[in-house]
Amino acid sequence: MSLWFTEKQTEYFGITGKVNKTLEHERTDFQQLDIIETQQFGRMLLLDGMVMTTEKDEFVYHEMITHVPLFTHPSPKKVLVVGGGDGGTVREILKHPIVEKVTQVEIDSKVVEYSKKHLSYISSGYGDPRTELIIGDGFEHIINSEDIYDVILVDSTEPVGPAAGLFTEGFYAGIAKALKTDGIFVAQTDNPWFKGDLIKKAMRDTKKVFPIAKLYTCNIPTYPSGMWTFTMGSKKYNPLEVNLNNIADIDGKYYTPEIHHASFVLPKFVQQLCEEK
Ligand code: SAM
């Protein structure tokens, strides 16, 4: 008898994959946490039944949420990660020698604990001397921060449950306050096929607060629709004005200087989401 995991990405559509072993299955104080061993994508972290990260395709998301803003800002010394419990975003940030401190605010300590136990490469940045892990609500941390960070990355779950507050208009204003005068923020903003309204709202709210607001995309096969987006808000630096010759070679498998620019080229239906009032 074979076991299969299915994520219903909408009421009417989903993905399914063969499961070889269940490594963790626990209801934490915040969400249902599962770590499963799958035939196709290796070990997989699920929160409330949704794919968060997998051993096989995690590099796409973690390279793109970090290297695009960190090569856009000329001197990203202080970086904040909201969420990111699996550790992959912190791992990629640490590849930038110019970064002096990475502060991560993750609400659920169990995500960190089990990622360290079962996802060793993804969580390999934990414990680096430049990192500070705070177990707490990223929303509270942002509201209580002012003029501290060069870059803020919101690596949260979907805007339900503990992450609901991380997608509100007030949160973006709070991010702007927590950033320095030339700061940049990036938030993961789901997919344009099933969550167009979320992207429209994120872009609208970001434009209200930041002079430069842009969407960029990448391909993540285990995420809903496979097309994933990030919303960038920047107080000063334009990601498309980065001189590609100044982008150092990063040890990775997805991000390149050419992709830095190309990821901002959007299909027409996605561009239209960004332009809607
Ligand atoms: N890459 C994934 C995605 O795009 O859906 C996100 C990965 S990471 C596991 C998401 C993390 O956000 C989880 O560990 C979750 O506990 C955390 N999180 C959710 N709401 C939060 C909040 N209000 N403050 C801090 N962390 C939060």
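Residues numbered from 1 in each chain as written. Predicted model: local features only at pLDDT ≥ 70, side-chain atom pairs only at ≥ 80, totals over all residues. Heavy atoms only, no water.

## Side note on the environment of Met 50
Stated precisely, the cut-off is as follows: Helix and strand assignments come from DSSP, with helices taken as H or I runs of at least 4 residues and strands as E runs of at least 2, each series counted from the N terminus. Contact criterion: two residues are considered in contact whenever any of their non-hydrogen atoms come within 4.5 Å of each other.
Here Met 50 lies in strand E5 (residues 50–54). The spatial distance from the C-alpha of Met 50 to the C-alpha of Asp 34 is 9.5 Å, given a sequence separation of 16 residues. Aside from chain neighbours lying at most four places away, what touches Met 50 is Glu 7, Leu 45 and Glu 158.

## Things to note about helix H3 (residues 109–118)
As a reminder, the rule being used: The cut-offs for exposure are 20% and 50% of the maximum accessible area for each residue type, with area from a 1.4 Å probe on protein chains only; residues under the lower value are buried, those over the upper are exposed, and the others partly exposed. Side-chain atoms alone can form a polar contact between residues adjacent in sequence; in general such a contact is a pair of N or O atoms within 3.5 Å, and within protein one must be able to donate a hydrogen while the other accepts it.
Among the residues of H3, Val 111, Val 112, Tyr 114, Ser 115 and His 118 are the ones counted as buried. On its buried side, H3 packs onto strand E2 (13–27), strand E3 (32–38), strand E4 (42–47), strand E7 (101–106) and strand E8 (131–135). Here H3 starts with a cap whose side-chain oxygen sits 3.0 Å from the backbone nitrogen of Lys 110, and that cap is Asp 108.

## Describing the domain arrangement of the protein chain
Rule in force here: Marked domain ranges trace back to an automatic or database domain assignment. Buried area: the sum, over both parts, of the accessible surface (1.4 Å probe) that disappears when the two are put together.
Domain assignment breaks the protein chain into domain 1 (3–54) and domain 2 (58–275). Taking only C-alpha atoms into account, the centre of domain 1 sits 23 Å from that of domain 2. In this assembly, 23 residues from domain 1 lie in contact with 22 residues from domain 2. Carbon and sulfur atoms supply 67% of the area that domain 1 and domain 2 bury against each other, a total of about 2,100 Å² over both sides.

## Quick notes on the site of the ligand
Selection criterion: Each residue is tested against the molecule or strand, and it is near if at least one of its non-hydrogen atoms lies within 4 Å. Accessibility throughout is a Shrake-Rupley quantity obtained with a 1.4 Å probe, and a residue counts as covered only by protein chains that appear here. Using only the protein atoms, space was sampled on a 1 Å grid; points where a 1.4 Å probe fits but cannot get out form cavities, open sets with protein on both sides within 12 Å along at least five of seven lines form pockets, and lining residues are those with an atom within 4 Å of a point. A molecule is said to be in a cavity or pocket once over half of its atoms fall within 2 Å of that pocket's grid points.
Neighbouring the ligand are 25 residues; Gln 31, Glu 106, Gly 138, Pro 162 and Tyr 223 lie closest to it. In the environment of the ligand, a nitrogen atom lies 3.4 Å from a nitrogen or oxygen atom belonging to the side chain of Tyr 61. Its free accessible area being 600 Å², the ligand has 100% of it covered by the protein chains. Structurally, the ligand is housed in the largest cavity.

## Side note on the nonpolar core
Within soluble globular proteins, side chains that are nonpolar tend to cluster in buried spots. Stated precisely, the cut-off is as follows: The definition of a nonpolar core used throughout is a set of buried Ala, Val, Leu, Ile, Met, Phe, Trp, Tyr and Cys residues joined through side-chain atoms within 4.5 Å.
Ranked by internal contacts, the top residues of the largest apolar core, which has 38 residues, are Ile 93, Tyr 216 and Phe 230. At the level of secondary structure, the elements contributing two or more residues to this core comprise E4, helix H1 (58–72), strand E6 (78–83), helix H2 (88–93), strand E9 (149–155), strand E10 (179–188), strand E11 (212–219) and strand E12 (227–234). The biggest single contributor to this core is H1, with eight residues. Residues lining this core come from more than one domain, with at least three contributed by each of domain 1 (3–54) and domain 2 (58–275). Among all residues touching Ile 93, those that are not within four sequence positions of it are Thr 66, Leu 70, Val 79, Val 81, Val 99, Val 102 and Leu 153. Among the nonpolar cores identified, the runner-up in size contains 20 residues, and Leu 179, Phe 185, Ala 187 and Leu 198 belong to it.

## Describing the layout of surface pockets
To be explicit about the condition: Grid points are joined across faces, edges and corners, and a volume is the space filled by probe spheres set on the points. Classification convention: Asp, Glu, Lys, Arg as charged; Ala, Val, Leu, Ile, Met, Phe, Trp, Tyr, Cys, Pro as nonpolar; all other residues, Gly among them, as polar.
Taken as a whole, the largest pocket holds about 240 Å³ of empty space. Lining the largest pocket are 16 residues; nearest its centre among them are Leu 70, Phe 71, His 73, His 96 and Asn 246. Residue composition of the lining of the largest pocket, by class: 10 nonpolar, four polar and two charged. One number sums up the size of the second largest pocket: a volume of about 180 Å³. Taken together, Phe 5, Ile 15, Thr 16, Gly 17, Lys 18, Thr 38, Gln 39, Gln 40, Phe 41, Met 44, Pro 221 and Thr 222 form the lining of the second largest pocket.

## Observations concerning the pattern of salt bridges
How we decide: A side-chain nitrogen of Lys or Arg and a carboxyl oxygen of Asp or Glu constitute a salt bridge if their distance falls within 4 Å.
Applying the stated criterion to the full structure yields 17 salt bridges. We note a salt bridge from Lys 95 to Glu 92, for which the minimum N-O separation is 2.8 Å. Across the pair Lys 200 and Glu 276 runs a salt bridge, and its minimum N-O distance is 3.2 Å. With a gap of 76 residues between them, Lys 200 in helix H6 (residues 196–209) and Glu 276 in the segment after helix H8 (268–275) connect regions that are remote in the sequence. What you see here is one network of salt bridges that share partners, running through Glu 58, Arg 91, Glu 92 and Lys 95.

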